[in-house]
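Secondary and tertiary structure notes
Here is what each chain is made of, one letter per residue.
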Amino acid sequence: MGFLLALALFPAQATSSVTIRGTEIWRYSAAGAVQLTHDGCAKSLPSLSPSTGRIAYAARCGGSSGLGVIDPSGRRIAALPLRFAVQQDGACPSLLALEWAGDAAVAATCHINPSLNAYVELDVATGRVRRELLGYGFTRSPDGVRVAHTGWYPHFAPPFVKSNYLQADHLVLYPLPPGSRAVELEPLAPPPYSPPSDGSNWSGIHGFLSDFLWSPDSRRIAFLDCVFHWTATGPEDNSGQEHDRRCSVVAVDLQGRATEAPLPDLSPEAIPLLRLSWSGPRQLSVEGPVRLTLPVP
């Protein structure tokens with residue numbers, strides 16, 4: 001019944017799609033449904049390439065795991081080992097996402113710990129790692145050249161250490177001290193700039209509150225950022241209180257130049273309702289509880 005219902009709900013004019021039934025990959029099209037794999041191995045996260053000529057998926061079989069790539073007829077194109085340099089054994093404790101980085105590479109996001117994810121792009125033809133990044137919020141630019149993300153910080157770190165910072169690949173773009181330019185950061189290196197402190201008080205701690213949104217020309221990144229101060233109230237690093245929070249819409253270019261538009265005081269429930277959109281490469285719009293247009297140099 002479920003199979004017949006899937007076919008009935010699939011529009012005749014729709015493009016191809018893939019899903020998992022049981023443990024196998026199925027492809028749906030206007031011509032019907034076709035089972036593409038028959039190995040009985042556990043699978044997840046099937047993804048069609050942009051040209052729909054390849055299908056990637058995560059697979060676990062016989063205690064080993066990796067990525068499989070097949071064509072629309074089910075013929076195997078590649079079996080890719082999924083390894084992350086940040087892990088001593090290279091393993092991925094929990095695979096969060098799998099997508100295509102163009103038609104020639106597959107991008108996987110792995111959850112390492114509550115403060116750290118890892119992103120890796122694998123070339124389908126060679127299995128070579130094209131890019132590996134640490135942090136979270138990984139968002140590829142429209143041209144596929146760069147990946148925006150929040151930089152990494154240590155697990156169990158106090159708030160003044162967990163101040164968010166924006167990277168495009170390994171380039172730190174925001175926040176930067178006045179007069180500074182974007183700086184390249186080595187993997188697992190600490191952020192180049194930290195919130196200033198005065199005794200038990202830290203100021204200018206950043207917390208990003210939205211996904212990253214690339215401009216159509218892949219030259220600017222927009223997001224919501226809240227900046228606050230933090231005062232320690234006890235001997236433990238995590239004992240303290242946040243105060244003086246202010247939030248803004250931010251657009252940052254690839255040289256680290258930031259354009260900001262302060263937001264009025266909003267409740268924590270209202271901020272997720274804000275929607276960002278680019279109406280051109282140099283104009284950012286905000287809709288929802290607040291409506292504004294931000295020209296970006």
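Since we're looking at a predicted model, the values are computed, not measured.

Here we come to the confidence of the model for the protein. For the protein, per-residue confidence averages 90 on the pLDDT scale, and 95% of positions sit at 70 or higher. Confidence over residues 1-14 falls short of pLDDT 50; this stretch has 13 contacts with residues more than four positions distant or in other chains.

Okay, the pattern of salt bridges next. Evaluated as defined, the whole model comprises 11 salt bridges. R75 serves as the salt-bridge partner of D71, at 3.1 Å between the closest nitrogen and oxygen. We classify D71 as buried; its relative accessible area is 12%. The exposure class assigned to R75 is exposed, which follows from its relative accessible area of 51%.

Turning to the packing of aromatic side chains, a few remarks are in order. One pair of aromatic rings is described through two measures. These are the centre distance and the angle between the planes. Here the structure, examined in full by the defined rule, presents 10 aromatic pairs. Look at Y136 and Y153: their rings are 6.5 Å apart centre to centre, the planes differ by 90 degrees, and that puts the pair in the edge-to-face class. On the criterion of sequence distance, the pair formed by Y136 in strand β11 (residues 129-140) and Y153 in the loop between β12 (147-150) and β13 (166-168) is long-range, its members being 17 residues apart. Judged by relative accessible area, which is 28%, Y136 ranks as partly exposed. We classify Y153 as buried; its relative accessible area is 13%. Every member of this aromatic cluster is reached through a ring pair, and the members are Y174, F208, F212 and F223. Of note, R21 hangs over the ring of W26, and the distance from its end group to the ring centre comes to 4.5 Å.

Moving on, we come to the environment of Y136. The sequence separation of Y136 and C110 amounts to 26 residues, and the corresponding C-alpha distance is 9.6 Å. Excluding its chain neighbours within four sequence positions, the residues that come into contact with Y136 are N117, H149, T150, Y153 and N164. A distance of 3.3 Å separates the side chain of Y136 from the side chain of N164, its partner in a polar contact.

The next point concerns the sheet that holds strand β15 (residues 183-184). On the basis of which strands lie adjacent, the open sheet formed by eight strands has the order β8-β9-β10-β11-β12-β13-β14-β15 and antiparallel pairing. Of all strands in the sheet, those with a lone pairing partner are β8 (94-100) and β15, marking the two edges.

The next thing to look at is the sheet that holds strand β22 (residues 275-280). Sheets are built from strands that pair by backbone hydrogen bonding, the pairs being arranged parallel or antiparallel. Spatial ordering of the open sheet is given by β22-β23-β24, a layout of three strands whose pairing is antiparallel. Each having just a single partner strand, β22 and β24 (292-295) make up the two edges of the open sheet. Going across the sheet, the axis of each strand differs from the next one's by a mean of 25 degrees, ignoring polarity. Bridging between strand β23 (residues 283-287) and β24 involves four bridges; their strand directions are antiparallel. Of the residues in β24, the one forming a bridge with S285 is T293.

Our focus in this paragraph is the state of the cysteines. Counted according to the given criterion, the structure contains three disulfides. Through a disulfide, C41 is tied to C61; the S-S separation comes to 1.9 Å. The sign of the -50 degrees torsion about the S-S bond sets the C41-C61 disulfide as left-handed. Of this pair, C41 sits in the loop between β3 (32-35) and β4 (42-48) while C61 sits in strand β5 (residues 55-61), placing them 20 residues apart in sequence. By relative accessible area, C41 is classed as buried at 9%. Taking the relative accessible area as the measure of exposure, C61 reaches 38% and is therefore partly exposed. Taken in sequence order, the bonded cysteines of the protein link in the pattern 1-2, 3-4, 5-6.

The biggest cluster of nonpolar side chains holds 27 residues, and the ones touching the most others in it are L67, V69, L82, F84 and V106. Those elements that place two or more of their residues in this core are β5, β6 (64-70), β7 (76-81), β8, β9 (105-113) and β10 (116-123). If we ignore the near neighbours within four places in the chain, the residues touching F84 are G90, C92, A108, C110, A118, Y119, V120 and E132. Ranked by size, the runner-up nonpolar core spans 17 residues in total, among them V249, I271, V286 and V290.

Another aspect to go through is the environment of A148. Within the secondary structure, A148 is located in strand β12. Looking at A148, the relative accessible area reads 0%, which means it is buried. For the pair A148 and P72, spaced 76 residues apart in sequence, the C-alpha to C-alpha distance is 31 Å. Not counting residues up to four positions away in its chain, the partners in contact with A148 are G137, F138, T139, L166, Q167, A168, F212, W214 and I221.

Okay, the side chain of S163 next. Positionally, S163 belongs in the loop between β12 and β13. Residue S163 is classed as buried on the basis of its relative accessible area, which comes to 9%. For S163, the side chain forms a polar contact with the main-chain nitrogen of H206, separated by 3.0 Å.

Reading the values: the criteria
- Residues numbered from 1 in each chain as written.
- Predicted model: local features only at pLDDT ≥ 70, side-chain atom pairs only at ≥ 80, totals over all residues.
- Heavy atoms only, no water.
- pLDDT = per-residue confidence, 0-100.
- Contact = heavy atoms within 4.5 Å.
- Salt bridge = Lys/Arg side-chain N within 4 Å of Asp/Glu carboxyl O.
- Buried < 20%, exposed > 50% of the residue type's maximum accessible area, 1.4 Å probe, protein only.
- Phe/Tyr/Trp six-rings, centres within 6.5 Å; stacked < 30°, edge-to-face > 60°.
- Helix = DSSP H or I, 4+ residues; strand = E, 2+ residues; numbered from the N terminus.
- Lys NZ or Arg CZ within 6 Å of the ring centre and 35° of its normal.
- Polar contact = N/O pair within 3.5 Å; in protein donor to acceptor, adjacent residues only side chain to side chain.
- Pairing = 2+ DSSP bridges.
- Axes fitted to C-alpha atoms, helices over the stretch in contact; angles between N-to-C directions.
- Disulfide = S-S within 2.5 Å.
- Core = buried A, V, L, I, M, F, W, Y, C linked by side-chain atoms within 4.5 Å.

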